[in-house]
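# A look at the structure
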Amino acid sequence: LALPSEWGLGASYPNPFNSETTIPYVLPDAGGGSYVIFDVLGRKVAAGKLNDVRGNIRWSYNGPSGIYLMRLQSSEGTSKPVKLILLK
């Protein structure tokens, strides 16, 4: 299995979302990575580790409506952001 030459986060779906959204990701190496989700005030609301080169992050959240930012970070230290919109 060849490693991807490009990496990052895909468009989340659905977005805006009501209680759960799915974010596809591709990592640059088999070393894994991690993600962190912040609210607009910079508070961390979720985090996790990723072990697969390709996959989907499923995020369920019961917090207030608003804009959230997810940052994907590779084991190499590079990162990519995505904006998530929660509507209730």
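Reference entry: report on the structure contained in this document. Since the model is a prediction, treat every value here as computed from it, not as a measurement. (Residues numbered from 1 in each chain as written. Predicted model: local features only at pLDDT ≥ 70, side-chain atom pairs only at ≥ 80, totals over all residues. Heavy atoms only, no water.)

### Here's the deal with the overall build of the protein chain
Condition: Numbering of helices and strands runs from the N terminus, with a helix taken as a DSSP run of H or I at least four residues long and a strand as a DSSP run of E at least two residues long. Radius of gyration here is computed from C-alpha atoms only, and the compact-globule reference equals 2.2 Å multiplied by the residue count raised to the power 0.38. Burial classes: relative accessible area under 20% of the type maximum marks a residue as buried, over 50% as exposed, and values in between as partly exposed (1.4 Å probe, protein chains only). Whether two residues touch is decided by their heavy atoms; if any such pair falls within 4.5 Å, the residues are in contact. Here the accessible surface of atoms and residues is derived via Shrake-Rupley with a 1.4 Å probe, and residues count as covered only by protein chains that are part of the display. Charge counting follows a simple rule: Lys and Arg are positive, Asp and Glu are negative, and His as well as the terminal groups are ignored. Where a charge lies is defined by one atom per residue type, namely NZ (Lys), CZ (Arg), CG (Asp) and CD (Glu).
Secondary structure summary: the protein chain contains zero helices and seven strands in total. Reading the protein chain from its N end, one meets helices and strands in the order β-β-β-β-β-β-β. Relative to a compact globule of 88 residues, whose C-alpha radius of gyration would be 12 Å, the protein chain shows 13 Å and is just as compact. Within the protein chain, the proportion of its 88 residues that are buried is 39%. Restricting to contacts in the protein chain with at least 6 residues of sequence separation, those with at least 24 account for 56%. Surface summary for the protein chain: the accessible area is close to 5,200 Å², and the carbon and sulfur share equals 52%. Charge-centre separation for the protein chain: the mean point of 9 positive side chains lies 8 Å from the mean point of 6 negative side chains.

### Description of unusual backbone geometry
In the segment running from Y13 into P14, the intervening peptide bond is cis, with an omega of -15°. With respect to the helices and strands, the residue P14 is situated in the loop between β1 (8-9) and β2 (20-26).

### Observations regarding a nonpolar patch on the surface
What counts is decided by this rule: Patches in this entry comprise residues that are over 30% relatively accessible and not in a salt bridge; like charges within 9 Å are linked, as are nonpolar side chains (Val, Leu, Ile, Met, Phe, Trp, Tyr) within 5 Å. Should a side-chain nitrogen of Lys or Arg be within 4 Å of a carboxyl oxygen of Asp or Glu, the pair is scored as a salt bridge.
A cluster of nonpolar side chains, contributed by V40, L41, I67 and L69, occupies part of the molecular surface with about 390 Å² of accessible area. Inspection of the secondary structure puts L41 in the loop between β3 (33-39) and β4 (44-50).

### Quick notes on the environment of S74
Relative to the elements of secondary structure, S74 occurs in strand β6 (residues 66-74). For S74, a relative accessible area of 5% gives the class buried. Along the backbone, S74 and G31 are 43 residues apart, and their C-alpha atoms lie at a distance of 7.8 Å. Those residues in contact with S74, other than ones at most four positions away along the chain, are W7, P28, G32 and G33.

### What to know about the side chain of T22
Of note, T22 is situated in strand β2. The contacts of T22, once residues within four sequence positions are left out, are A11, S12, Y13, N56, I57 and R58.

### So, the nonpolar core
In summary, soluble globular proteins display a tendency toward joint burial of nonpolar side chains. The cut-off we apply is this: Only buried residues count toward a nonpolar core, which is a set of Ala, Val, Leu, Ile, Met, Phe, Trp, Tyr and Cys residues joined through side-chain atoms within 4.5 Å.
In terms of nonpolar packing, the biggest core is built from 19 residues, with L9, I37, I57, W59, M70 and L84 touching the most fellow members. Elements with a contribution of two residues or more to this core: β2, β3, β4, β5 (54-60), β6 and β7 (79-86). The contacts of I37, once residues within four sequence positions are left out, are R43, K44, V45, A46, W59, Y68, L69, M70 and L84.

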